[in-house]
Amino acid sequence: MIVIDAGSPVPPFEQLRAQLARQIQDRTLAVGARLPTIRHLAADLGLAVNTVGRAYRELEEAGLIETRGRAGSFVSAAGEEGRERARRAAADYAAVIASVGIDAAEAIRIVQAALTSGAAAPASS
């Protein structure tokens with residue numbers, strides 16, 4: 001269920017994008033699930049077609065959905081693959097932290113600093 005708050009300072013496309021992304025990430029929308037057409041969702045939510053289209057484009061750029069031409073838009077498996085890569089990277093990081101004797105609290109601070117500074121480099125495949 002998607003709810004757009006017309007009184008919110010957050011633009012409608014961002015409200016839609018964030019809610020769909022959350023549903024994909026928490027698996028409410030499963031990998032392979034077909035999303036409503038842009039026109040249908042726009043009509044249901046009382047939004048402009050371009051607003052919904054922008055949200056879908058941003059989700060596609062993030063790898064959360066994929067559009068298959070006339071077949072429609074679907075939840076992408078790429079999001080799940082990314083989650084698995086993150087799990088593997090976390091396990092590798094935990095092994096390094098243990099081997100150098102850094103405690104868990106400091107290890108978490110290191111990760112938080114990397115995430116907030118934007119210094120986290122993309123992991124190689």
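Please read these numbers as outputs of a predicted model, since none were measured by experiment. (Residues numbered from 1 in each chain as written. Predicted model: local features only at pLDDT ≥ 70, side-chain atom pairs only at ≥ 80, totals over all residues. Heavy atoms only, no water.)

*Asks:* Just to check I follow, could you spell out the layout of surface pockets for this structure?
*Replies:* If a probe the size of a water molecule is rolled over the atoms, the empty space left behind becomes visible. For the second largest pocket, the calculated volume is near 180 Å³. The wall of the second largest pocket is formed by 14 residues, among which Ile38, Tyr56, Thr67, Gly72 and Ser73 lie closest to the centre. Top contributing element to the lining of the second largest pocket by residue count: helix 3 (residues 49-61), with four residues. Residues belonging to the lining of the second largest pocket are distributed by class as follows: four nonpolar, six polar and four charged. (1 Å grid on protein atoms, 1.4 Å probe; cavity = no way out; pocket = protein on both sides within 12 Å on 5 of 7 lines; lining within 4 Å. Points joined across faces, edges and corners; volume = space filled by probe spheres on them. Helix = DSSP H or I, 4+ residues; strand = E, 2+ residues; numbered from the N terminus. Nonpolar A, V, L, I, M, F, W, Y, C, P; charged D, E, K, R; others polar.)

*Asks:* Explanation requested: the packing of aromatic side chains in the structure shown.
*Replies:* Geometrically, a pair of aromatic rings is defined through the distance of the ring centres and the angle of the planes. Evaluation of the coordinates by the stated rule reveals zero aromatic pairs. Here Arg54 stacks its cationic end above the ring of Phe13, 3.6 Å away from the centre of that ring. When the ring centre of Phe74 is taken as origin, the NZ or CZ atom of Arg68, which lies over that ring, is 4.0 Å away. (Phe/Tyr/Trp six-rings, centres within 6.5 Å; stacked < 30°, edge-to-face > 60°. Lys NZ or Arg CZ within 6 Å of the ring centre and 35° of its normal.)

*Asks:* Would you mind showing me how to read the nonpolar core here?
*Replies:* Counting 17 residues, the largest nonpolar core has Leu16, Leu20, Val52 and Tyr56 as the members making the most contacts within it. For this core, the elements supplying multiple residues, two or more each, are helix 1 (12-25), helix 2 (38-45) and helix 3. Every residue in contact with Leu16, bar those within four places of it in the chain, is listed here: Ile2, Ile4, Leu41, Leu45, Val52 and Ala55. (Core = buried A, V, L, I, M, F, W, Y, C linked by side-chain atoms within 4.5 Å. Buried < 20%, exposed > 50% of the residue type's maximum accessible area, 1.4 Å probe, protein only. Contact = heavy atoms within 4.5 Å.)

*Asks:* Would you take a moment to explain helix 1 for this structure?
*Replies:* Every α-helix carries 3.6 residues per turn, so stepping three or four residues along brings you back to the same face. In this model helix 1 runs 20 Å from its N-terminal to its C-terminal C-alpha over 14 residues, within 8% of the 20 Å that 1.5 Å per residue would give. Buried residues along helix 1 sit in contact with helix 2, helix 3, strand 1 (65-67) and strand 2 (73-75). With its phi angle positive at about 70 degrees, Arg27 sits one or two positions after the end of helix 1. (Expected span 1.5 Å × (residues − 1).)

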